[in-house]
Amino acid sequence: DGGITQSPKYLFRKEGQNVTLSCEQNLNHDAMYWYRQDPGQGLRLIYYSQIVNDFQKGDIAEGYSVSREKKESFPLTVTSAQKNPTAFYLCASTLMGLSGANVLTFGAGSRLTVL
Amino acid sequence: DQQVKQNSPSLSVQEGRISILNCDYTNSMFDYFLWYKKYPAEGPTFLISISSIKDKNEDGRFTVFLNKSAKHLSLHIVPSQPGDSAVYFCAASQGGSEKLVFGKGTKLTVNP
């Protein structure tokens, strides 16, 4: 089955620690994204990547870092510089260059709690 | 500045009746609009989309209406079912961009 796998599902972190969230897709999608969801908020874009070894900041990139060394993988590191890291993190992907609406496929999410 | 707005945080309807979820946008350059459905602790799933050159798109029980002059779209679910209870996000994109801008979501509860 094709899809997006995010791990871990739940993660606890002490203040001052960096943590990396994994996102792997086997859909052969070109573009990958990281969104953050907070209660009562929409999905806010952290980073996105349209091609291997290239990525762009989204609306709330401060305190986060990413890499795109392989087409199928787009890990997100939440650094100690992120002031409010407790949130639900969603990874998504899509094919590029198609006409029509850009339909993102989402993973199941990772919930990060900072203690 | 919020470019996509869902002004109703929640909506409650009876099973079998119509659910109408609303979305407003401010960027006139948006040309595709999408609706996603999300259950707690899961990722959003795509429901239906509409291009700015259309004013209506149907898929089974789901219909999306677009009013460009008012910068407003709505999602109609008829008939509503308890399994439709979820958070619904409106999203928009501009000019073939791979970036989507999301609203804050509306929590729909369908009561049996």
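Everything below is about the structure printed above this text.
About the criteria used
All residue numbers here refer to positions counted from 1 along the written sequence of the relevant chain. The order in which chains are written sets their letters, starting at A; the order in which ligands are written sets their numbers, starting at 1. Reporting of local features is limited, given that this is a predicted model, to residues whose pLDDT is at least 70; pairs of side-chain atoms are given and counted only at 80 or more, and all residues count toward the totals for whole chains, interfaces and linings. Computation of side-chain values covers all heavy atoms of the structure but excludes hydrogens and water. Contact criterion: two residues are considered in contact whenever any of their non-hydrogen atoms come within 4.5 Å of each other. When two parts are brought into contact, each loses some accessible area as probed by a 1.4 Å sphere; the total of that loss over both is the buried area. Definition used for salt bridges: Asp or Glu carboxyl oxygen within 4 Å of a side-chain nitrogen of Lys or Arg. Each helix is a run of DSSP H or I of at least 4 residues and each strand a run of E of at least 2, with the numbering of both proceeding from the N terminus. Following the grouping adopted for this structure description, the nonpolar residues are Ala, Val, Leu, Ile, Met, Phe, Trp, Tyr, Cys and Pro, the charged ones are Asp, Glu, Lys and Arg, and the polar ones are all others, Gly among them. A 3.5 Å cut-off defines polar contacts: any pair of N or O atoms within that distance qualifies, except that in protein one atom must be a possible hydrogen donor and the other a possible acceptor, and neighbouring residues in sequence count only when both atoms are side-chain atoms. Lining residues are defined by having an atom within 4 Å of a point belonging to a cavity or pocket. Those points lie on a 1 Å grid over the protein atoms alone, cavities being sets where a 1.4 Å probe fits but cannot get out and pockets being open sets with protein on both sides within 12 Å along at least five of seven lines. Grid points are joined across faces, edges and corners, and a volume is the space filled by probe spheres set on the points. Throughout, exposure labels follow a simple rule: accessible area from a 1.4 Å probe, protein chains only, divided by the maximum for the residue type, with under 20% read as buried, over 50% as exposed, and the rest as partly exposed. What makes two strands pair is DSSP finding at least two bridges between them. Where helices are involved, their axes are fitted lines through C-alpha atoms of the stretch in contact, as for all axes, and angles between N-to-C directions lie from 0 to 180°.

**Student:** What am I meant to see in the interface of chain A and chain B here?
**Tutor:** The accessible area lost on association of the parts is a frequent measure of interface size. Each partner contributes to the interface: chain A provides 24 residues, whereas chain B provides 18 residues. Carbon and sulfur atoms supply 61% of the area buried between chain A and chain B, which totals about 1700 Å² over both sides. In this assembly, chain A and chain B are joined by zero salt bridges. Secondary structure elements with two or more residues in the side of chain A that touches chain B: strand E4 (31-37), strand E5 (43-51) and strand E9 (87-94) of chain A. Here the residues of the side of chain A that touches chain B sort into 13 nonpolar, 10 polar and one charged.

**Student:** How should I be thinking about the environment of Asn67 of chain B in this particular structure?
**Tutor:** Residue and element names in this part refer to chain B. Structurally, Asn67 can be placed in strand E7 (residues 62-67). In sequence terms Asn67 and Lys56 are 11 residues apart; their C-alpha atoms lie 9.1 Å from each other. Those residues in contact with Asn67, other than ones at most four positions away along the chain, are Tyr25 and His72. Engagement of the side chain of Asn67 in a polar contact is seen with the side chain of Ser69, the distance being 2.8 Å.

**Student:** Any chance you could explain the layout of surface pockets here in plain terms?
**Tutor:** Over the atoms rolls a probe the size of a water molecule, and its path tells where empty space is left. A volume near 420 Å³ is recorded for the largest pocket. Top element by residues in the lining of the largest pocket is E5 of chain A. It accounts for three residues. Among the residues making up the lining of the largest pocket, the classes are represented as nine nonpolar, eight polar and five charged. In this structure, the second largest pocket spans a volume of roughly 340 Å³. Lining the second largest pocket are 19 residues, with Gln37, Asp38, Pro39 and Gly40 of chain A together with Val87 of chain B positioned closest to its centre. Looking at the lining of the second largest pocket, the elements with two or more residues in it are strand E9 (86-94) and strand E11 (106-111) of chain B. Ranked by the residues each element gives to the lining of the second largest pocket, the list is headed by E9 of chain B, at three residues.

**Student:** Would you explain the pattern of salt bridges in this entry?
**Tutor:** Two side chains that carry opposite charge are able to pair once their charged atoms sit near each other. All names here are of chain A. For the structure shown, the criterion picks out five salt bridges over all chains. A salt bridge links Lys71 to Asp30; its shortest N-O distance comes to 3.7 Å. Here the residue Lys71 occupies a position in the loop between strand E7 (64-66) and strand E8 (76-78), and Asp30 occupies one in the loop between strand E3 (19-25) and E4, the gap between them amounting to 41 residues. Look at Lys71 and you get partly exposed, because its relative accessible area is 29%. You can call Asp30 partly exposed: its relative accessible area is 23%. In this structure, Arg44 engages Asp38 in a salt bridge whose closest nitrogen and oxygen atoms are separated by 2.7 Å. For Arg44, a relative accessible area of 30% translates into the label partly exposed. Owing to a relative accessible area of 11%, Asp38 belongs among the buried residues under this scheme.

**Student:** Looking at this model, I keep getting lost on the sheet that holds E8 of chain A. Mind explaining?
**Tutor:** Note on sheets: strands pair through backbone hydrogen bonds, and any given pair is parallel or antiparallel. All names here are of chain A. Here we have four strands laid out as an open sheet, ordered E1-E3-E8-E7, and antiparallel in their pairing. Each edge of the open sheet is held by one strand with a lone partner, namely strand E1 (4-7) and E7. The average undirected angle you get between the axes of adjacent strands in this sheet is 20 degrees. The sheet contact formed by E7 and E8 spans three bridges and is antiparallel. Looking at E8, one finds that Val66 is bridged to Leu76.

**Student:** Help me out: how do you make sense of the pairing of strand E3 (residues 19-25) of chain B in this one?
**Tutor:** Remark: a regular strand shows side chains that alternate across the two faces of the sheet. Residues and elements named next belong to chain B. The alternating pattern of E3 places Ser19, Leu21, Cys23 and Tyr25 on a buried face and Ile20, Asn22 and Asp24 on a face that is not buried. Summarising the sheet, strand E1 (residues 4-5) and E3 pair through two bridges and their orientation is antiparallel. Its bridge partner lying in E3, Val4 is registered against Tyr25. Pairing analysis gives six bridges linking E3 to strand E8 (residues 72-77), with the strands arranged antiparallel. Residue pairing in the sheet places Leu21 in a bridge with Leu75 of E8.

It is worth stressing that arrangement in space is one thing and function is another; only the former is reported here.
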